[in-house]
Protein chains: 2
Amino acid sequence: MLGSGTVAQTLSAKLAALGHDVMLGTRDVAALMSRTELGFGQREPFAVWSQKHPQIKAGTFAEAAAHGELLINATAGNGSLEALARAGEANLNGKVLLDVSNPLDFSQGFPPFLSVVNQDSLGEQLQRAFPQVRVVKSLNIVAAAVMVEPRSLADGDHHMFMCGDDAEAKAAIRDLLTEGFGWRHVVDLGGITAARNMEMYVPLWLNLMGVLGTPMFSIKLVQ
Amino acid sequence: MLGSGTVAQTLSAKLAALGHDVMLGTRDVAALMSRTELGFGQREPFAVWSQKHPQIKAGTFAEAAAHGELLINATAGNGSLEALARAGEANLNGKVLLDVSNPLDFSQGFPPFLSVVNQDSLGEQLQRAFPQVRVVKSLNIVAAAVMVEPRSLADGDHHMFMCGDDAEAKAAIRDLLTEGFGWRHVVDLGGITAARNMEMYVPLWLNLMGVLGTPMFSIKLVQ
């Protein structure tokens, strides 16, 4: 697991509960552990969360990447390329990387805008920068709690999308999402260029979160 | 009705069936009427369609705008600003303009990219260029046939969004969509800046149309 925020914590806890051996990667483990302030959305300090999840190890990006058979990028989008660079190609190449991040730029406040958009995407940037990594974009279009517990909404009768250039990697992610997390409907949008479409949906998602007053929602395709 | 393509035709026919007195506006009426080639998606020539809908008048953008109490922009997005300029402020000011267009650029083929995106939108451009027009963005996120017959999908149990700066104009559009077209769920996303979110969803919609093999779908918000 690359990243240590809410999404990384939520995914790590779920994966550990499913029996996976999870290591969470961050830039500076000591700095992360020593933080005492509350995080975004009054999130408890990492060390407090970590004590509740002793089975989840923490390490550097490189250690976590070396540890994992399946990698998940849950870093903030503006730090994803650097996180992968720190993880190192030797620890990444050949592996499946589930990219759940979004290229959100909060420098001008809320709502954020997209730092890469339209004819490119963060998913594509990651794939181009690490061509030997099998990038699959998914889960970036719902809140962390929905990612891992889709059945908490309408008994799971709503849709998740994914995309990527490697069919085998997409099959592995489909298994994780359906068998592991309980997603009932996972739609393959095609190659990694579809990441731009999944990322460009996120501003609408943020807008809807404000209107609905909750991040606990998802969309169902109706035909 | 500003525009003469599939969306304009579909909306015009529905509005006429509802009893509205519809005039469709185009740049050059004679040129439109004299076209004999099939349009996009094997659409019949306009003159053929027009003969089937004799109650729908055709005129210039200015004539149609002068005619209408409620205006709808159903031009191609790359021609919308010019169409409104041709319509003329005197014929537009003070009126509600439902903007259903999308800023799609097909110059590099399919899929198109967005010609305005992220920190601006076509809806905002129209509102800025014509500050006395009460712009409401809606319907741009589904196919024309779904715009006017939402109950054809899942008995209408799916969602439409709208946004705009004028509350009264949004109330009028909400009435048109619900009472007129049969939409059951219309979500107000806020001011016209939300048009960027609705427009940035369209590339995902186009992607899904390809995957599903049909434009006859919509999304339902699931909580």
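Undergrad: It is not clear to me how the packing of aromatic side chains should be interpreted in this structure. Could you clarify?
TA: Each aromatic ring pair is characterised by the separation of its centres together with the angle its planes make. All names here are of chain A. Per the counting criterion, the structure on display carries 6 aromatic pairs over all chains. A centroid spacing of 5.4 Å and a plane angle of 20° characterise the contact between W205 and F217, whose relative ring orientation is stacked. Separated by 12 residues along the polypeptide, W205 in helix α11 (residues 202-212) and F217 in the loop between α11 and β10 (218-222) bring together distant segments of the chain. Classification of F217 by relative accessible area gives buried; the value is 0%.

Undergrad: It is not clear to me how the pairing of strand β8 (residues 159-164) of chain A should be interpreted in this structure. Could you clarify?
TA: Each regular strand carries side chains that alternate between the two faces of the sheet. Residue and element names in this part refer to chain A. Of all 6 residues in β8, 6 are buried; the element is thus mostly enclosed. Of the two faces of β8, the one lined by H159, F161 and C163 and the one lined by M160, M162 and G164 are each fully buried. Two strands pair when backbone bridges link them, and strand β7 (residues 134-138) and β8 are joined in this way by 3 bridges, in the antiparallel orientation. Directly across from S138, in β8, lies its bridge partner M162. Bridge count for β8 against strand β9 (residues 185-188) is 4 bridges, and the pairing is parallel.

Undergrad: Can you help me understand the packing of helix α1 (residues 6-17) of chain B against helix α9 (residues 167-181) of chain B in this one?
TA: Axes are the key here: two packed helices are described by the angle between their axes and the distance separating the axes. Residue and element names in this part refer to chain B. Running from N to C, α1 and α9 cross one another at 70°; their axes reach a closest spacing of 11 Å. Between α1 and α9, the interaxial angle falls into the category roughly perpendicular. The hand of the α1/α9 crossing is left-handed. When α1 is examined against α9, the residues L11, K14 and L15 are found in contact with a partner set consisting of L176, G180 and F181. Its residues assigned to classes, the contact of α1 with α9 comprises 4 nonpolar, 1 polar and 1 charged.

Undergrad: I tried to follow the interface of chain A and chain B on my own but got confused; where do I start?
TA: Interface size is commonly expressed as the accessible surface area that is lost when the partners come together. If you look at the interface, chain A gives 33 residues, while chain B gives 33 residues. Carbon and sulfur atoms supply 65% of the area that chain A and chain B bury against each other, a total of about 2900 Å² over both sides. Three residues stand out in chain A for area buried against chain B, namely L204, V222 and Q223 of chain A, and they jointly supply 21% of the buried area on that side. Where chain A touches chain B, the interface holds 0 salt bridges. On the surface where chain A and chain B come into contact, there are 11 residue pairs in polar contact (both at pLDDT 80 or more). Elements that contribute at least two residues to the side of chain A that touches chain B include exactly β6 (113-114), β9, α10 (195-200), α11 and β10 of chain A. No other element matches the 6 residues that α11 of chain A contributes to the side of chain A that touches chain B. Class assignment of the residues belonging to the side of chain A that touches chain B gives a composition of 21 nonpolar, 9 polar and 3 charged. Examined bridge by bridge, β10 of chain A and strand β10 (residues 218-222) of chain B share 5 bridges and lie antiparallel to one another. Residue S218 of chain A lies in a different strand from β10 of chain B, and its bridge partner there is V222 of chain B.

Undergrad: What's the story with the environment of A169 of chain A in this structure? I'm lost.
TA: Residues and elements named next belong to chain A. Examined against the element boundaries, A169 turns out to sit in helix α9 (residues 167-181). As a C-alpha pair, A169 and R134 span 35 residues in sequence and 6.3 Å in three-dimensional space. If we ignore the near neighbours within four places in the chain, the residues touching A169 are V96, R134 and V136.

Undergrad: Could you clarify how one ought to interpret the nonpolar core in this entry?
TA: In a soluble, globular protein the nonpolar side chains are often hidden away together inside. Formed by 144 residues in total, the largest nonpolar core has its most connected members in L139 and F161 of chain A together with L139 and F161 of chain B. Not counting residues within four places of it along the chain, the set of residues in contact with F161 of chain A comprises K137, S138, L139, I141, V187, L189, M198, I219 and L221 of chain A together with L204 and L208 of chain B.

Undergrad: Would you mind showing me how to read unusual backbone geometry here?
TA: Keep in mind that most residues, glycine aside, have a negative phi and that most peptide bonds are trans. The omega angle of the peptide bond from F110 of chain A to P111 of chain A is 0°, so this bond is cis rather than trans. Structurally, the position occupied by P111 of chain A is in the loop between β5 (104-105) and β6. Phi is positive for N118 of chain B, which is not a glycine, with a value near 80°. A positive phi angle, close to 70°, is found at L139 of chain B, a residue other than glycine. Checked against the element boundaries, L139 of chain B lands in the loop between β7 (134-138) and α8 (144-148). The exposure class assigned to L139 of chain B is buried, which follows from its relative accessible area of 0%.

Undergrad: It is not clear to me how the pattern of salt bridges should be interpreted in this structure. Could you clarify?
TA: Close approach of charged atoms allows side chains with opposite charge to pair. Residues and elements named next belong to chain A. Considering all chains together, one arrives at 28 salt bridges over all chains under this definition. Note that R134 is salt-bridged to D166, the shortest N-O span being 3.0 Å. Placement of R134 in strand β7 and of D166 in the loop between β8 and α9 is noted, with a sequence separation of 32 residues between them. Residue D166 is classed as partly exposed on the basis of its relative accessible area, which comes to 23%.

Parameters and conventions
- Residues numbered from 1 in each chain as written.
- Chains lettered and ligands numbered in written order.
- Predicted model: local features only at pLDDT ≥ 70, side-chain atom pairs only at ≥ 80, totals over all residues.
- Heavy atoms only, no water.
- Phe/Tyr/Trp six-rings, centres within 6.5 Å; stacked < 30°, edge-to-face > 60°.
- Helix = DSSP H or I, 4+ residues; strand = E, 2+ residues; numbered from the N terminus.
- Buried < 20%, exposed > 50% of the residue type's maximum accessible area, 1.4 Å probe, protein only.
- Pairing = 2+ DSSP bridges.
- Axes fitted to C-alpha atoms, helices over the stretch in contact; angles between N-to-C directions.
- Parallel < 35°, antiparallel > 145°, perpendicular 65-115°, else oblique.
- Left-handed = near helix turned anticlockwise from the far one by under 90°.
- Contact = heavy atoms within 4.5 Å.
- Nonpolar A, V, L, I, M, F, W, Y, C, P; charged D, E, K, R; others polar.
- Buried area = accessible area lost by both parts, 1.4 Å probe.
- Salt bridge = Lys/Arg side-chain N within 4 Å of Asp/Glu carboxyl O.
- Polar contact = N/O pair within 3.5 Å; in protein donor to acceptor, adjacent residues only side chain to side chain.
- Core = buried A, V, L, I, M, F, W, Y, C linked by side-chain atoms within 4.5 Å.

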